Amino acid sequence: MEYLIGIQGPDFVLVAADNVAASSIIQMKHDYDKMFKLSEKILLLCVGEAGDTVQFAEYIQKNVQLYKMRNGYELSPSAAANFTRKNLADYLRSRTPYHVNLLLAGYDDADGPGLYYMDYLSSLAKAPFAAHGYGAFLTLSILDRHYRPDLTRDEALDLLKKCVEELRKRFILNLHSFTVRLIDKEGIHDLEKLTAGAK
Amino acid sequence: MTDYYNFGLRRLKKSRRNSGIPLHFFIPTLPNPAPSNNRSLFPYSPANQSVTVRRPFPLSHGTTTLGFIFQGGVIAAADTRASAGGLVACPEVHKITPIHSHLVVTSSGSGADCMLWERILTREIRLYQLRHRRCLSIRGTAKLLSFMLHPFKGTEVCVALTLCGWDKDAGNTDCTKMSEDLSSTTDDSSSAVCSSQDVTAMAHSASPSSGPKLIYVCSDGARLQGDIFSVGSGSPYAYGVLDRDLRWSLSKEEAISLAREAVFRATHRDAYSGNNVDLFHVTAQGWSQRKREDLKEEYYRDMKRKTNIVEG
């Protein structure tokens, strides 16, 4: 029902998420933001079961901030991703596992951009592009076909638009709008929302 | 600052979820208490998934409640039928409860759970106000409620509350308790509000932290802030009416009549909603309640309107 997508370029990561908050058949909100800012250059995109998403994402968010307060410097995206995975794994075999699917996107000043795919079974993979949700079935092949490691920002945005176009055409649910953000060495930038009607 | 809520107090093993919750109410012992090491430290703990008390009858959740924000504040409306399966258990339930002078909450889901959690919320908000000498913001209230409900996720607790309130500016810390406040309950529906003139003059505050707020909190853990919510088995029908005609610039009377019509249409179609409609209006001055109206009257008015259209 929900959709997340991330595309890594040579010096940036482009991420997008849909804006629907649904409860059974009703869209309760059309402008819901599924991205959580972990630090100045790390975003966590989180979808899954209703309460688990916000609880888990805020827990990770506050812990990353706590690390910065205690140690004076921020966690790198790779460290944050592994920390998130470890927490998911610890809860997985407890009586109260979190059912969330995540994308973590960040820019490390030393290692460059990184996109990490995590799912509710706490698998972790660093990937050049990734997607979550039923929409992923429709769009991963488009990403496979057109992705290159040396995409410019505009080309990556066009690739994202191609994916959204495909969803509009073939996905049974109406995902009306998408929040789009870009992370590079300057930080997190909000790009224009992709809405129905806009190309 | 002391940690009144025990949110982080007990040191847990990493494999257990933190269920440090502020409440210290008694839970009856379950038939087969599962042996669990750390749990005895907590004042209570939610039912283990494997152990349940057998239910005397099936629970079902039928209701129509709605809330929306417009230029004149927040309107909260709900029907008054409590159903248990096919039986109307009570035709005159109060589904909208004031928490404090500037917050009402509409409830949906299991009636007993909602009553309990509304009382718990009222108590916690009052305690916060006494301890910190200011009113907790609506967002803070919603977050507190959501965190209190979180350990019961996966159990049969079913609570879907919509907090409809008005956040006051940071400078104004006074938030009078419900029983002492000046908001009037009216006995004459035409003179419902205390200060409608002030309300229309007061524009939607540009500051994000003050002004009208509408937040939906659910026992699944969802917490959503928005401008319009409808909850319950009759909510799709209510959305159909509201989405079409709701605008920011409605007058107070138009907004109330829209809310009434939305509840009426939902109760007409949904078997589990019906009887009367309760309407509350929250402004910067507090909440005010309209006299409960029987939807039977609305139905006759609607029939008359339709025959007039056919004839005229």
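Just above sits the structure.
Residues numbered from 1 in each chain as written. Chains lettered and ligands numbered in written order. Predicted model: local features only at pLDDT ≥ 70, side-chain atom pairs only at ≥ 80, totals over all residues. Heavy atoms only, no water.

Chemist: Explanation requested: the packing of helix H1 (residues 111-132) of chain B against helix H2 (residues 138-149) of chain B in the structure shown.
Modeler: Helices that pack against each other are described as a pair by the angle of their axes relative to one another and the distance between those axes. Residues and elements named next belong to chain B. At a closest axis distance of 11 Å, the pairing of H1 and H2 adopts a crossing angle of 125°. One way to sum up the angle between H1 and H2 is to call them oblique. Our pair here, H1 against H2, has a crossing hand that is right-handed. Residues Trp117, Ile120, Leu121, Glu124 and Ile125 of H1 touch H2, and the partners they reach there are Thr141, Leu144, Leu145, Met148 and Leu149. (Axes fitted to C-alpha atoms, helices over the stretch in contact; angles between N-to-C directions. Helix = DSSP H or I, 4+ residues; strand = E, 2+ residues; numbered from the N terminus. Parallel < 35°, antiparallel > 145°, perpendicular 65-115°, else oblique. Left-handed = near helix turned anticlockwise from the far one by under 90°. Contact = heavy atoms within 4.5 Å.)

Chemist: What am I meant to see in the packing of aromatic side chains here?
Modeler: The geometry of an aromatic ring pair comes down to the distance between the two centres and the angle between the two planes. Scanning the model with the defined rule gives 10 aromatic pairs over all chains in all. Ring geometry for Trp117 of chain B versus Phe152 of chain B: centroids 5.5 Å apart, planes at 75°, classification edge-to-face. With a gap of 35 residues between them, Trp117 of chain B in helix H1 and Phe152 of chain B in the loop between H2 and strand E7 (159-167) connect regions that are remote in the sequence. On the basis of relative accessibility, which here comes to 2%, the residue Trp117 of chain B falls in the buried class. Linked through ring pairs, Phe56, Tyr91 and Tyr98 of chain A together constitute an aromatic cluster. Positioned above the aromatic ring of Tyr116 of chain A, the side-chain terminus of Lys126 of chain A is 5.8 Å from the ring centre. (Phe/Tyr/Trp six-rings, centres within 6.5 Å; stacked < 30°, edge-to-face > 60°. Buried < 20%, exposed > 50% of the residue type's maximum accessible area, 1.4 Å probe, protein only. Lys NZ or Arg CZ within 6 Å of the ring centre and 35° of its normal.)

Chemist: What's the story with the pairing of strand E12 (residues 187-190) of chain A in this structure? I'm lost.
Modeler: Consecutive side chains of a regular strand alternate in pointing toward one face of the sheet and then the other. All names here are of chain A. As paired strands, strand E11 (residues 177-184) and E12 are joined by 4 bridges and run antiparallel to one another. Residue pairing for E12: Arg181 is matched across the bridge by Asp190. Between E11 and E12, which pair antiparallel one after the other, the connecting turn spans 2 residues. (Pairing = 2+ DSSP bridges.)

Chemist: Can you help me understand a nonpolar patch on the surface in this one?
Modeler: The grouping of Met1, Tyr134, Phe137, Ile172 and Leu173 of chain A at the surface amounts to a nonpolar patch, some 640 Å² of accessible area in total. You can see Phe137 of chain A is positioned in helix H3 (residues 134-146). (Patch = residues over 30% accessible without salt bridge, like charges linked within 9 Å, V, L, I, M, F, W, Y side chains within 5 Å. Areas by Shrake-Rupley, 256 points an atom, 1.4 Å probe, with all protein chains shown as cover. Salt bridge = Lys/Arg side-chain N within 4 Å of Asp/Glu carboxyl O.)

Chemist: What is the right way to read the interface of chain B and chain A from this model?
Modeler: The partner chain A presents 20 residues to the 25 residues of chain B that form the contact. Between Asp52 of chain A and Lys153 of chain B there is a salt bridge whose closest N-O contact spans 4.0 Å. Between chain B and chain A we count 5 residue pairs in polar contact (both at pLDDT 80 or more) in total. Of all the secondary structure elements, the ones that give two or more residues to the side of chain B that touches chain A are H2, strand E9 (223-225), strand E10 (228-231) and helix H4 (235-245) of chain B. Grouping the constituent residues of the side of chain B that touches chain A by class yields 8 nonpolar, 9 polar and 8 charged. (Polar contact = N/O pair within 3.5 Å; in protein donor to acceptor, adjacent residues only side chain to side chain. Nonpolar A, V, L, I, M, F, W, Y, C, P; charged D, E, K, R; others polar.)

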